[in-house]
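Listed below are the residues making up each chain.
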Amino acid sequence: MAERVKVAVRVRPFNEREKKRNAKLVIDMKGNLTYISDPNNKSNKKDFAFDYSYWSHDGFKEEKNGYLSPESAAYADQKKVFDDLGKGVLENAWSGFNCSLFAYGQTGSGKSYSMVGYGNNKGIVPIVCEKLFQEIEGKREKAKDSEYQVVFSMIEIYNEQARDLLNPASFKVKGGLKVRENPTKGLFFVDGLKELPVNSYQSIESKMTEGTKNRTVASTNMNATSSRAHTVIGIKFTQKTPNASGQSMTRVSVINLVDLAGSERANSTGAEGDRLKEGASINQSLSNLGNCINALAENKKNIPFRNSALTKLLKNALGGNSKTVMIAALSPADINYDETLSTLRFADRAKSIKTKAVINESPTD
Ligand code: ADP
Ligand code: MG
């Protein structure tokens with residue numbers, strides 16, 4: 001059955017740069033509505049409706065371990081976001097659906113905070129992985145005739161080139177690893193990508209740390225350690241369980257977790273030279289994502305997935321067999337008004353995309 005992509009937005013606290021510049025708050029939220037006010041024209045207030053609107057701007061207290069917990073009911077902490085978005089990913093994975101979760105927004109808006117998190121403020125990805133292994137352990141004790149396997153991969157797309165973040169040898173491949181099409185399924189895959197079997201949360205965590213270290217980072221005014229690349233984490237979860245008549249069935253779920261590069265136009269971040277070229281290319285790739293989303297939203301026949309490495313890999317997530325969630329990260333500040341408005345518009349279009357997820361199950365061969 002066709003199902004809409006679920007879209008969430010989340011607004012973060014002011015950062016140091018915004019505070020220094022005496023930034024004014026332009027975002028407001030009520031229920032599922034998010035409002036944005038034009039700092040140059042008070043009467044120009046726009047509203048957007050999303051599946052979830054997360055207020056994480058204020059109303060929190062920092063605990064001794066650094067965790068930001070709610071001081072008032074209005075504040076959405078990491079747990080709230082996991083409960084709404086991450087739990088569904090887990091349940092779908094157990095049911096054998098492919099799932100995709102991607103984060104969109106300008107550099108410094110909070111994409112990585114929601115996806116991966118910092119310190120004790122763990123994001124959706126580590127919590128999903130932690131719970132997945134907890135649940136596998138629980139099942140292993142009860143269902144001794146079942147088998148579970150988890151494999152992990154981490155890709156970066158930088159200037160249209162795919163690199164395997166867990167295989168530094170791949171960085172030397174000229175032009176990056178090839179993104180090829182599987183002729184029978186019409187889906188794209190990264191040729192030569194290492195998929196590593198993992199058997200505990202700790203081993204995923206250490207792979208993630210390793211991959212994160214290998215990412216391409218460059219400094220911009222927005223965020224000193226911002227990534228200028230797209231990161232795609234893949235988790236393939238396979239279950240082999242006997243059905244009612246004792247026949248072994250294999251159920252596979254592919255979970256794609258995508259932390260997109262900053263959506264800002266290069267000039268607004270003060271990028272120069274090489275950085276500008278990268279910015280331009282990142283935007284080209286993101287703008288193709290925008291083109292695909294527009295075409296999908298308008299129900300067009302031909303979706304230009306082939307026009308960039310990113311959209312090839314997101315083909316399933318956007319137009320195919322996947323239950324998909326998008327989280328759009330928002331800066332609260334007037335100085336980022338234009339970028340935030342364009343993020344809201346992007347998220348708004350993503351709402352009308354429909355995917356058709358099916359349970360991936362067949363007799364074990
Ligand atoms: P991005 O990945 O979009 O470039 P980050 O996730 O790294 O941005 O966030 C930039 C900064 O803002 C980080 O220091 C992060 O801790 C902070 N931040 C982002 N979102 C939140 C939030 N919801 N609550 C508290 N701090 C946040
Ligand atoms: Mg980031």
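Report follows, based on the coordinates.

Definitions and limits used
- Residues numbered from 1 in each chain as written.
- Chains lettered and ligands numbered in written order.
- Predicted model: local features only at pLDDT ≥ 70, side-chain atom pairs only at ≥ 80, totals over all residues.
- Heavy atoms only, no water.
- Helix = DSSP H or I, 4+ residues; strand = E, 2+ residues; numbered from the N terminus.
- Rg over C-alpha atoms; globule rule 2.2 N^0.38 Å.
- Areas by Shrake-Rupley, 256 points an atom, 1.4 Å probe, with all protein chains shown as cover.
- Lys, Arg positive; Asp, Glu negative; His and termini not counted.
- Charge placed at Lys NZ, Arg CZ, Asp CG, Glu CD.
- Polar contact = N/O pair within 3.5 Å; in protein donor to acceptor, adjacent residues only side chain to side chain.
- Contact = heavy atoms within 4.5 Å.
- Core = buried A, V, L, I, M, F, W, Y, C linked by side-chain atoms within 4.5 Å.
- Buried < 20%, exposed > 50% of the residue type's maximum accessible area, 1.4 Å probe, protein only.
- Axes fitted to C-alpha atoms, helices over the stretch in contact; angles between N-to-C directions.
- Parallel < 35°, antiparallel > 145°, perpendicular 65-115°, else oblique.
- Nonpolar A, V, L, I, M, F, W, Y, C, P; charged D, E, K, R; others polar.
- Near = heavy atom within 4 Å.
- Left-handed = near helix turned anticlockwise from the far one by under 90°.
- Salt bridge = Lys/Arg side-chain N within 4 Å of Asp/Glu carboxyl O.
- Expected span 1.5 Å × (residues − 1).
- Arc of directions from axis to C-beta.
- Phe/Tyr/Trp six-rings, centres within 6.5 Å; stacked < 30°, edge-to-face > 60°.
- Lys NZ or Arg CZ within 6 Å of the ring centre and 35° of its normal.
- Bend = angle between axes of the 7 residues up to and from the residue.

A few points about the overall build of the protein
Inference 1: For the protein, the count of helices and strands is nine helices and 21 strands.
Inference 2: For the protein, the C-alpha radius of gyration of 20 Å lies close to 21 Å, the compact-globule estimate for 365 residues.
Inference 3: Dimensions along the principal axes, computed over C-alpha positions, put the protein at roughly 65 × 50 × 40 Å.
Inference 4: A total accessible area of about 17200 Å² is found for the protein, and carbon and sulfur atoms account for 48% of it.
Inference 5: Charged side chains of the protein number 53 positive and 41 negative; the gap between the two group centres comes to 3 Å.

With respect to the side chain of Lys 111
Inference 1: Locating Lys 111 in the fold gives a position in helix H3 (residues 111-115).
Inference 2: There is a polar contact of 3.1 Å between the side chain of Lys 111 and the backbone oxygen of Gln 106.
Inference 3: If near-sequence neighbours (up to four positions away) are discounted, Lys 111 is found in contact with Ala 103, Tyr 104, Gly 105, Gln 106, Asp 259, Leu 260, Ala 261, Gly 262 and Ala 329.

Section: the nonpolar core
Inference 1: Within the largest apolar cluster, 47 residues are counted, with the highest numbers of intra-cluster contacts made by Val 9, Ile 27, Ile 36, Leu 260, Leu 289, Leu 318 and Met 326.
Inference 2: When neighbours within four sequence positions are excluded, Leu 318 is seen to be in contact with Phe 102, Leu 289, Leu 296, Phe 305, Ile 353, Lys 354 and Thr 355.
Inference 3: In terms of nonpolar packing, the next biggest core, distinct from the first, is built from 39 residues, Trp 94, Ile 136, Ile 235 and Ile 327 among them.

A look at the packing of helix H4 (residues 124-142) against helix H5 (residues 201-213)
The description of two helices packed together rests on the angle between their axes and the distance between the axes.
Inference 1: Interhelical geometry of H4 versus H5 gives an angle of 155° and a closest axis separation of 9 Å. Classified by the interaxial angle, the pair formed by H4 and H5 is roughly antiparallel. Between H4 and H5, the residues in contact are Val 125, Pro 126, Cys 129, Glu 130 and Phe 133 and Tyr 201, Ile 204 and Met 208, respectively.
Inference 2: Broken down by class, the residue content of the contact of H4 with H5 amounts to seven nonpolar, no polar and one charged.

Structural notes on the site of ligand 1
Inference 1: With respect to spatial proximity, 16 residues lie near ligand 1, and among them Gly 108, Lys 111, Ser 112, Tyr 113 and Tyr 118 are the closest.
Inference 2: Residue Gly 110 places a main-chain N or O atom 3.0 Å away from an oxygen atom belonging to ligand 1.
Inference 3: Tyr 118 places a polar side-chain atom, nitrogen or oxygen, 2.4 Å from an oxygen atom of ligand 1.
Inference 4: Within the complex, the protein chains bury 80% of what would otherwise be the 560 Å² of accessible surface of ligand 1.
Inference 5: Tallying contributions element by element places H3 first for the shell around ligand 1, with three residues.
Inference 6: Residues that form the shell around ligand 1 fall into these classes: five nonpolar, eight polar and three charged.

Overview of the packing of helix H2 (residues 78-95) against H4
Inference 1: Across the interface, H2 lies against H4 with an axial gap of 10 Å and an inter-helix angle of 45°. The angle between H2 and H4 falls in the class oblique. Crossing handedness for the pair H2 and H4: right-handed. Residues Val 81, Phe 82, Leu 85, Gly 86, Val 89, Leu 90 and Trp 94 of H2 touch H4, and the partners they reach there are Ile 124, Ile 127, Val 128, Lys 131, Leu 132, Glu 135, Ile 136 and Lys 139.

Overview of the pattern of salt bridges
Inference 1: Applying the stated criterion to the full structure yields 17 salt bridges.
Inference 2: Two residues, Asp 83 and Lys 87, come together in a salt bridge whose shortest N-O distance is 3.3 Å. Pair noted here: Asp 83 and Lys 87 are both in helix H2, with a separation of four residues, about one helical turn.
Inference 3: By relative accessible area, Asp 83 is classed as partly exposed at 25%.
Inference 4: For Lys 87, a relative accessible area of 38% puts it in the partly exposed group.

Re H5
Inference 1: When the terminal C-alpha atoms of H5 are compared, their 18 Å separation across 13 residues agrees well with the 18 Å that a helix rising 1.5 Å per residue should span.
Inference 2: Taken residue by residue, H5 has Tyr 201, Ile 204, Met 208 and Gly 211 as its buried positions. Looking straight down H5, one finds its buried side chains confined to an arc of 90°; they lie on one side. Relative to its buried face, H5 has exposed residues pointing more than 90 degrees away, namely Gln 202 and Lys 213.
Inference 3: In this structure, the buried residues of H5 make contact with strand S11 (121-122), H4, strand S12 (147-158), strand S16 (196-198) and strand S17 (230-242).

A closer look at the packing of aromatic side chains
Inference 1: By the definition in use, this model includes eight aromatic pairs.
Inference 2: Where Trp 94 meets Tyr 148, the ring centres are 5.6 Å apart and the plane angle is 70°; that geometry is what we call edge-to-face. With a gap of 54 residues between them, Trp 94 in helix H2 and Tyr 148 in strand S12 connect regions that are remote in the sequence. Here the two residues Trp 94 and Tyr 148 agree in accessibility, since each one is buried.
Inference 3: It is Lys 139 that lies over the ring of Trp 94; its NZ or CZ is 4.6 Å from the centre.
Inference 4: Just above the ring of Phe 171 sits the side chain of Arg 163; from NZ or CZ to the centre is 4.1 Å.

Looking at H2
Inference 1: Compared with an ideal rise of 1.5 Å per residue, which puts 18 residues at 26 Å, H2 spans 24 Å between its outermost C-alpha atoms and is within 8% of the ideal.
Inference 2: Along H2, the helix axis deviates most sharply at Asp 84, where the bend reaches about 40°.
Inference 3: Buried within H2 are the following residues: Gln 78, Val 81, Phe 82, Leu 85, Gly 86, Val 89, Leu 90, Asn 92, Ala 93 and Trp 94.
Inference 4: Phi turns positive one or two residues past the end of H2, at Gly 96, with a value near 95°.

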